[in-house]
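Architecture at a glance
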Amino acid sequence: MAFPKHVRLFEMGARDGLQNESGPVIDTAIKVELINQLSDTGLTHIEAASFVSPKWVPQMGDASAVMAGITRKSGITYSALTPNLKGLEGAIAAGVDEVAVFGAASEAFTQKNINCSIKESLERFAPVIEMAKEHNIRVRGYVSTVMGCPYDGDIDPAQVAAVSRDLMDMGCYEISLGDTIGAGTPLKAKRMLEAVAKQVPVANLAAHFHDTYGQALANLYAVVEEGVAVIDASVAGLGGCPYAKGASGNVATEDVLYMLNGLGIETGVDLQKLAQTGHWITAQLGRSSGSKVALALGCK
Ligand code: HMG
Ligand code: MG
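Let us look at the structure shown here. (Residues numbered from 1 in each chain as written. Chains lettered and ligands numbered in written order. Predicted model: local features only at pLDDT ≥ 70, side-chain atom pairs only at ≥ 80, totals over all residues. Heavy atoms only, no water.)

1. Brief notes about the packing of aromatic side chains
Given two aromatic rings, their pairing is described by the distance between the two centres and the angle made by the two planes. Per the counting criterion, the structure on display carries 1 aromatic pair. Their ring planes at 65° and their centres at 5.3 Å tell us that phenylalanine 3 and tyrosine 221 sit as a pair that is edge-to-face. Here tyrosine 221 lies in helix 9 (residues 216-224) and phenylalanine 3 lies in the segment before strand 1 (8-11), a separation of 218 residues in the sequence. The partly exposed category is assigned to phenylalanine 3, whose relative accessible area is 31%. Tyrosine 221 sits in the partly exposed class, given a relative accessible area of 33%. Sitting over the face of the ring of tyrosine 173, arginine 138 holds its NZ or CZ atom 3.7 Å from the ring centroid. (Phe/Tyr/Trp six-rings, centres within 6.5 Å; stacked < 30°, edge-to-face > 60°. Helix = DSSP H or I, 4+ residues; strand = E, 2+ residues; numbered from the N terminus. Buried < 20%, exposed > 50% of the residue type's maximum accessible area, 1.4 Å probe, protein only. Lys NZ or Arg CZ within 6 Å of the ring centre and 35° of its normal.)

2. A closer look at the sheet that holds strand 6 (residues 174-179)
Spatial strand order, 1-2-3-4-5-6-7-8: 8 strands in a closed barrel with parallel pairing. The sheet shows a mean angle of 25° between the axes of neighbouring strands, taken without regard to direction. By the bridge criterion, 3 bridges tie strand 3 (residues 77-81) to strand 4 (residues 98-104) in an arrangement that is parallel. Note that in strand 4 the partner of serine 79 across the bridge is glutamate 98. (Pairing = 2+ DSSP bridges. Axes fitted to C-alpha atoms, helices over the stretch in contact; angles between N-to-C directions.)

3. Observations regarding unusual backbone geometry
Located in the positive-phi region is asparagine 136, a residue other than glycine, with phi close to 55°. In this fold, asparagine 136 is placed in the loop between helix 6 (118-134) and strand 5 (138-144).

4. Things to note about helix 11 (residues 271-284)
Helical periodicity: at 3.6 residues per turn, an α-helix aligns residues three or four positions apart in one direction. Compared with an ideal rise of 1.5 Å per residue, which puts 14 residues at 20 Å, helix 11 spans 20 Å between its outermost C-alpha atoms and is within 8% of the ideal. Burial in helix 11 covers these residues: Leu271, Leu274, Ala275, Thr277, Gly278, His279, Ile281 and Thr282. Looking one or two residues past helix 11, glycine 286 carries a phi angle of roughly 80°, positive in sign. (Expected span 1.5 Å × (residues − 1).)

5. Thoughts on the coordination of the magnesium ion (ligand 2)
Bound to the magnesium ion (ligand 2) are the protein donor atoms Asp16 (OD), His208 (NE2) and His210 (NE2), situated 2.0 to 2.3 Å from the metal. Sequence spacing of the donors to the magnesium ion (ligand 2): D-x191-H-x1-H. Accessibility expressed as a relative area gives 5% for histidine 208, which makes it buried. On the basis of relative accessibility, which here comes to 3%, the residue histidine 210 falls in the buried class. (Donors = N, O, S within 2.8 Å, 3.2 Å for Na, K, Ca; no water.)

If you want it as structure tokens, here you go:
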């Protein structure tokens, strides 16, 4: 398989990034400004919010206000997580362009994250996907813990493939494969992808790798080499999952972009602007960017 000519970057900073911030809830105005700055970098897909229970994830409690506050740019898809019908109703009212349901390949993680079994989660997603369709809203499906679970340990790639296939069959247009705790290595990533690709076309798969063990770029290279052309990443490497203890952020978008630029793969995203946004948001959070590329480029 040859490298794709173009990769679509799906920016996670405002959702996966900020959902895991400890301490006081970040001001809505800061989230809005982050999304507005990201909208000016050439990104076409921005996960902007999460319509989940604020008791479970307090940082995402202002999802509606965030959606109302941003300046929408044409050509950009602003998406949000919707674990159930209540979440979807909120997302529709807020005018979200695209929604996502999120399951996992591990039973224990599914319980901790969304309080049900894998089977129950799929039953819960079915009406969400149906209702989204009625509103002409596309649904993305996440599968977490594809290369390891903080509770169940190793995950059988066949289980990742089975859940991915179920979500695809239910009507998701794309499956994002989440290495939630960043435990994967390139060979593991290739094996996992091979198993999933037997059930879901590679053209419908995205890689969503966290960088806890510093392997995310290597793992991305491994799957992009196999034809994966959608990559989820977080500006400045923000984030983590509140229900995966110790998991650090997604791979930094700037680092992915630098690698893709080096491979001659188009994204349409401006590295300098993105790095600047990463410096800005991390300054708001009182620390420096988690992107090595952004640090190397410096602040201009
Ligand atoms: P539950 O407690 O089983 O739900 O939670 P429930 O239906 O019994 O409702 C309990 C309360 O929550 C009720 O309120 C509901 O109204 C409210 P109360 O009567 O107690 O006042 N509620 C809601 N409020 C707002 N929006 C909603 C909503 N639903 C119920 N949508 C539930 C089930 C799914 C809601 C809960 O477990 C939850 O919100 N979990 C979210 C966890 C989460 O957001 N995790 C992080 C995102 S996933 C991730 O980061 C991984 C990913 O990045 C990929 C990867 O890295 O692997 C995607
Ligand atoms: Mg994630």
